[in-house]
Amino acid sequence: MKPAPFAYAKPRTLKEAIALLGKHKDNAKLLAGGQSLIATLNMRLSAPTLLIDLNGLKGLDRIARKGAKVEIGALARHVDVERSDVIAQYAPLIARAMPHIGHPAIRNRGTFGGSIAFADPAAELPACLLALDGEIEITGPKGKRTVKAETFFKGLFETAIGPRDVLTAIRVPAAAKDNRYGFSELSRRHGDYAIVGLAASARTTSKGLADVRLAFFGVDATPLRARKAETALTGGTIDDKRLNAAVAALDLDPSDDVQATAAVKKHLAGVLLKRVARQLLETRT
Amino acid sequence: MSAHTMDISLTVNGEAVNERVEPRMTLVDFLRENLSLTGSHVGCEHGVCGACTVRVDGVVVRGCLMLAAQCEGAKVETIEGVSDNGEIADLQIAFEQRNALQCGFCTPAMLLTAQELLKAGGVPSRDEIREHISGNYCRCTGYHAIIDAMESVAQARAGGKK
Ligand SMILES: Cc1cc2nc3c(=O)[nH]c(=O)nc-3n(C[C@H](O)[C@H](O)[C@H](O)COP(=O)(O)OP(=O)(O)OC[C@H]3O[C@@H](n4cnc5c(N)ncnc54)[C@H](O)[C@@H]3O)c2cc1C
Ligand code: FES
Ligand code: FES
């Protein structure tokens, strides 16, 4: 199908973009990579009267380490994040997730900020931000504010971004020596949205793992931490018995979807938990 | 100019193009309908099949997920362009020799996608090839022949450089 008619604006500044949002309210949509939005327009699942193309804004695509954090500009394209040395070195969890996002042609256009703003429940990056305790910078008519990933994802395709806001950057803590990461997902075809996936981070200490964060995706309306399983993996030596106990402690309640039944998803979540827990125990090079 | 048309200038296969378009027109529809470049195909129109693949500013994109309006000042290349200038002549011969196409619907997009990987140099593994073309559906060949063709061209190009 073809999209319903709309007007097109390509502002040169963030201020202009926010002013346009204010003027057109709910009838306007921001366009970043378009890899989700244009598909929904083509299917007429959405029919805005104005598209505000963010691709003319300068400086919103930077990827840089800033002190103890790594900052990714909202308009950084997936392909640039995937190839970034800064990301490889200081945000290895994100580096591991990138190749799973769609296909090369999708990654050539899709943006990091777009993925976070779209908040697909089966998407990799929202879960990575949750596992990393990352934060999202939002700019609105009153200026900038920062929201923790923990409170940013509010419901199915629903986030803390207001109707006059632009997501401008994402920040995650830069990886330190003792940080450990794990990532795995199961999908029908490489690059498809996951049936179930898991992004995880932890700290290794002389007494075993600490600060374990397990963020599952594809199991609920938003990425979800499995807190009981996190506790089950904290401290001490992790052997098969501990792993089985962690799987038994998985506090997830998935529903059936087009990809799999709830029972299958729950089983797969257990499989992923074991794989990812082993990754958390490996030394990082 | 009404709110629902706009003028764009870009280059397509090296030639300057100035056209008036509706903002809602996708790049692939623009190429097919305004410029009669029908080598880029339209399948699903929501990013899944890959049939609409074209090159914008040197990288492959989904022609159905980009608007013509977004191509102001861009350098667009289609299968017609890369066929005429010989860039993918070896790939085209290999596809034919190895039966890497049957109906041909997926082929223009498959060739552009293949070229993006092979252009990077070296001989990718079969797994890397599979991953790279994972976003391009082919309903005829079963993919093996396409991978054979890509692999043989990568080897030939690497050999030729020695
Ligand atoms: C075939 C296919 C397979 C895919 N597979 C995956 C996959 O496996 N995993 C995955 O994560 N994604 C996948 N995607 C989606 C892809 O990653 C998209 O790029 C991403 O979800 C949206 O990013 P975008 O930049 O394209 O945003 P757009 O499509 O431009 O926008 C998406 C939404 O976010 C809003 N938005 C965008 N940027 C901002 C901003 N800065 N501030 C406020 N709002 C904003 C838009 O208004 C819109 O509502 C796939 C897409 C396709 C077509
Ligand atoms: S027509 Fe564009 S991906 Fe199917
Ligand atoms: S040759 Fe028919 S779809 Fe690929």
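All values derive from a computational prediction rather than experimental measurement.

Looking now at the packing of aromatic side chains. Per the counting criterion, the structure on display carries 3 aromatic pairs over all chains. For the pair F118 of chain A and F157 of chain A, a centre-to-centre distance of 5.1 Å together with 50° between the ring planes defines the contact as tilted. Residue F118 of chain A is found in helix α7 (residues 112-118), and its partner F157 of chain A is found in the loop between β8 (153-155) and β9 (158-159); the two are separated by 39 residues along the sequence. Overall, the relative accessible area of 29% leaves F118 of chain A in the partly exposed class. For the cation-ring pair, R65 of chain A lies above Y90 of chain A, with the distance from its terminal atom to the ring centre recorded as 4.4 Å. Across from the ring centre of Y137 of chain B, 4.7 Å away, lies the NZ or CZ of R139 of chain B, which sits over that ring.

Between chain B and chain A, the residue contacts involve 27 residues of the former and 29 residues of the latter. Approximately 2,400 Å² of surface area, both sides summed, lies buried where chain B meets chain A, with 57% of it carried by carbon and sulfur atoms. Of all residues in chain B, R24, L65 and Q70 of chain B give up the largest surface area on contact with chain A, accounting jointly for 26% of the area buried on that side. Joining chain B to chain A, the criterion identifies 2 salt bridges. Here K2 of chain A and D29 of chain B are joined by a salt bridge, their closest N and O atoms 2.8 Å apart. Elements with a contribution of two residues or more to the side of chain B that touches chain A: β4 (59-62) and α5 (126-132) of chain B.

This paragraph deals with the domain arrangement of chain B. All names here are of chain B. According to the domain assignment, chain B consists of domain 1 (6-82) and domain 2 (86-157). If you average the C-alpha positions of domain 1 and of domain 2, the two centres end up 22 Å apart. Each side of the interface is counted separately: domain 1 has 18 residues, and domain 2 has 16 residues. Both sides of the domain 1 and domain 2 interface together cover about 1,400 Å² of buried area, and 57% of this is carbon and sulfur. Taken together, the connections running from domain 1 to domain 2 amount to 1 salt bridge. Ionic pairing is found between E87 and R55, a salt bridge with its closest N-O pair at 2.8 Å. Among the residues forming the side of domain 1 that touches domain 2, the class breakdown is 9 nonpolar, 7 polar and 2 charged.

What counts, and where the lines are drawn
Residues numbered from 1 in each chain as written. Chains lettered and ligands numbered in written order. Predicted model: local features only at pLDDT ≥ 70, side-chain atom pairs only at ≥ 80, totals over all residues. Heavy atoms only, no water. Phe/Tyr/Trp six-rings, centres within 6.5 Å; stacked < 30°, edge-to-face > 60°. Helix = DSSP H or I, 4+ residues; strand = E, 2+ residues; numbered from the N terminus. Buried < 20%, exposed > 50% of the residue type's maximum accessible area, 1.4 Å probe, protein only. Lys NZ or Arg CZ within 6 Å of the ring centre and 35° of its normal. Contact = heavy atoms within 4.5 Å. Buried area = accessible area lost by both parts, 1.4 Å probe. Salt bridge = Lys/Arg side-chain N within 4 Å of Asp/Glu carboxyl O. Domains from an automatic or database assignment. Nonpolar A, V, L, I, M, F, W, Y, C, P; charged D, E, K, R; others polar.

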